[in-house]
Amino acid sequence: MAERNVHSMGIFGRKSLFSMFAITSVMFMLSLLFVLRSTSRRHLFYLNILPKSKILALSDEGYTQSSAQIDYSNKGTLRKYNLFKCSPSKQVLKVFMYNLPPQFHFELLGWKSEGKSVWPDIRNSVPEYPGGLNLQHSIEYWLILDLLSSEFDDNLNGRSAIRVHNSSEADVVFVPFFSSISYNRFSKLKPGQKTSTNVLLQEKLVAFLTAQEEWKRTGGKDHIIVAHHPNSLLDARMKLWPAIFVLSDFGRYPPTIANVEKDVIAPYKHVIRNYDNDTSGFDSRPTLLYFQGAIYRKDGGTIRQELFYMLKDEKDVHFSFGSILKNGVKQATQGMHSSKFCLNIAGDTPSSNRLFDAIASHCVPVIISDEIELPYEDVLDYSEFCIFVRTSDALKENYLINFIRSITKEEWTRMWARLKEIENLFEYRYPSKDNDAVQMVWQAIARKVPAINLKLHKSSRYFPTPVSKEIGLKSFPLPKNIL
């Protein structure tokens, strides 16, 4: 009897273990299915909610700027594709622009306001920007014209930014100050002045901005300030540094004030004439290497002098002093249009307008500037149409000229063709066109928006937000010292 009981208990124990194993397996499979379904739902939730956020405005066609990449194909077409496949909507940067008095912008161009109007009616007449070398740093002029025109243009096709009048709806806040022309034209003291107009305007600008709720709300981190001339905003930059600066390079800025992570590099407006209907080729451009400009420079620009003595006797190299005076622009246009390669050498600062003159001429740029930062380089591969040479290599005897001579006709032709495909990306104009320099700068600014929001949101994690039973959640301004 005892043996039968033991045998029965053994059978019962095995059955119990088998049953427990089966139940556990079923529960595991059900749990796994639940987790997979929950994860799938969460992904769908984020895909559905993100494109509808405040970051960018919507138009009827196009792509998602905050999540899109631009494919610069070998055929030169700009194909845009959307990582958020579920949303076909094009998103446009929403920009709040201060109505600063005309003395900060168009009045500096000689425009006179009629009555209390802050802005010119550009549908009837557009104030002209001063010509010559002033034009190369005229970036804020073109951006402001584009914002003003967005108010009466219902067609958003090709437009990357629109003006909004409620700052709480905006992605960024634009500061309409013609800082470059202020420096170029108003830095010298006038009779009776103790302080130049340029300095006075900067002082007024700082006082105005730091008193605004928009600035206080974010500490200025979502503000856009154009200071393209290396010496523009010289007095105010140390006080307005939290803002996003639109610059030509970082040569005269400490890295704590301006850097590639925070700020935007915009192209110069080229000065020489475009090479329209360019049917030239390798054999029809007789000059191998071209440079015309200031040769004796300070700081990193001393390399120009050394290269001059190394290259001046090469028969198919043009290396000479030149300026905008005495028909200089016409001479440079003819020279670049008839050259295979154009030197872009560091001067007083890492960048110069010469690079963009070369692009407009379809003259393959040879960049010798170790510290240069280039516009839209996060979406544009400059190695497809530029030659880069380290300064240390360029100064080696015969290195540069031998390297340039070693580039084959086929290689040059490929880069020449690529220049013709991408030149539109560097063209400033009004009205602006799809993917020209105006739209590309707005897109570069839009790509900074997620990083701005990330900093602001992280900084507010532990900021107290008490709940009132009567009025619900209260809203508090963000602290000024957000990093």
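So, how was this worked out
Residues numbered from 1 in each chain as written. Predicted model: local features only at pLDDT ≥ 70, side-chain atom pairs only at ≥ 80, totals over all residues. Heavy atoms only, no water. UniProt positions renumbered as here; feature names shortened; annotations may be inferred. Buried < 20%, exposed > 50% of the residue type's maximum accessible area, 1.4 Å probe, protein only. Helix = DSSP H or I, 4+ residues; strand = E, 2+ residues; numbered from the N terminus. Polar contact = N/O pair within 3.5 Å; in protein donor to acceptor, adjacent residues only side chain to side chain. Salt bridge = Lys/Arg side-chain N within 4 Å of Asp/Glu carboxyl O. Core = buried A, V, L, I, M, F, W, Y, C linked by side-chain atoms within 4.5 Å. Domains from an automatic or database assignment. Contact = heavy atoms within 4.5 Å. Pairing = 2+ DSSP bridges. Axes fitted to C-alpha atoms, helices over the stretch in contact; angles between N-to-C directions. pLDDT = per-residue confidence, 0-100. Disulfide = S-S within 2.5 Å. Parallel < 35°, antiparallel > 145°, perpendicular 65-115°, else oblique.

For the protein, the name recorded in an unreviewed UniProt entry is Arabinosyltransferase arad1, with Nicotiana attenuata as its organism. In the Subcellular location (unreviewed entry) part of its UniProt record, the protein is described as follows: "Golgi apparatus membrane". One UniProt comment on the protein, placed under Sequence similarities (unreviewed entry), says "Belongs to the glycosyltransferase 47 family."

Caption draft 1: Representation of helix α12 (residues 437-446). The buried fraction of α12 is high, at 10 of 10 residues. Those residues of α12 lying buried are A437, V438, Q439, M440, V441, W442, Q443, A444, I445 and A446. Sitting at the amino-terminal end of α12 is D436, which places a side-chain oxygen 3.2 Å from the backbone nitrogen of V438.

Caption draft 2: Local environment of the pattern of salt bridges. Per the counting criterion, the structure on display carries 16 salt bridges. Put simply, E213 and K216 hold a salt bridge, and the shortest N to O gap is 3.9 Å. Of the two residues, E213 and K216 both sit in helix α5 (residues 213-218), 3 residues apart, roughly one turn of that helix. R418 serves as the salt-bridge partner of E421, at 2.7 Å between the closest nitrogen and oxygen. Taken together, the positions of E421 and R418, both in helix α11 (residues 409-422) and 3 residues apart, correspond to about one turn of that helix. One salt-bridge network, in which partners are shared between bridges, spans D146, D153 and R159.

Caption draft 3: Here's a closer look at unusual backbone geometry. In this structure, P431 follows Y430 across a cis peptide bond, with omega equal to -5 degrees. Following the sequence through the fold, P431 ends up in the loop between α11 and α12. Positive phi is not limited to glycine here, since Y376 has a value of about 55 degrees. The residue Y376 is located in the loop between β13 (364-368) and β14 (387-388) in this model. Even without being a glycine, N398 presents a positive backbone phi close to 65 degrees. Take N398: it is sitting in the loop between α9 (391-394) and α10 (399-405).

Caption draft 4: Broad picture of the nonpolar core. F106, F174, F319, F341, L343, V366 and W442 are the most contacted members of the largest nonpolar core, which totals 113 residues. Two domains share this core, each providing at least three of its residues, namely domain 1 (93-269 + 431-460) and domain 2 (287-426). Filtering out sequence-adjacent residues up to four positions away, F319 remains in contact with F291, I295, R304, L307, F308, L311, L343 and I345. The next biggest cluster of nonpolar side chains, apart from the first, holds 7 residues, and it includes I272, Y290, M336 and A358.

Caption draft 5: Structural context of the sheet that holds strand β10 (residues 287-293). Taken in spatial order, the 5 strands make up an open sheet running β11-β10-β12-β13-β14, and their pairing is parallel. Each end of this open sheet is capped by a strand with a single partner; those strands are β11 (317-321) and β14. Direction of pairing for β13 relative to β14: parallel, over a ladder of 2 bridges. Residue pairing for β14: I367 is matched across the bridge by F388. Sheet strands in contact with α11 are β12 (339-345), β13 and β14, and its direction is about 100 degrees off that of β13.

Caption draft 6: Just the confidence of the model for the protein, in detail. The share of residues in the protein with pLDDT of 70 or more is 75%, and the mean pLDDT across the chain is 83. Long-range and interchain partners of residues 1-12, a stretch whose pLDDT sits below 50, account for 0 contacts in this model, where long-range means more than four residues apart.

Caption draft 7: A look at the state of the cysteines. Throughout the structure, instances matching the rule amount to 1 disulfide. Between C342 and C363 runs a disulfide, and the two sulfur atoms are separated by 2.1 Å. On the sign convention where negative means left-handed, the S-S torsion of about 105 degrees between C342 and C363 marks this disulfide as right-handed. Residue C342 is found in strand β12, and its partner C363 is found in the loop between α8 (354-361) and β13; the two are separated by 21 residues along the sequence.

Caption draft 8: Focus on the environment of Y183. Relative to the helices and strands, Y183 resides in helix α3 (residues 179-186). Considered as a pair, Y183 and T197 are 14 residues apart in the sequence and their alpha carbons are 9.0 Å apart. What Y183 contacts, discounting residues up to four positions off in sequence, is N198, H229, N231 and S232. Side-chain polar atoms of Y183 contact the side chain of N231, separated by 3.1 Å.

Caption draft 9: Representation of the packing of α3 against helix α4 (residues 197-211) in the model. At their nearest, the axes of α3 and α4 sit 8 Å apart, and the two run at 150 degrees to each other. Here α3 is positioned roughly antiparallel relative to α4, judged by the angle of their axes. Packed against α3, whose contacting residues are S182, Y183 and F186, the element α4 presents T197, N198 and L201 at the interface.

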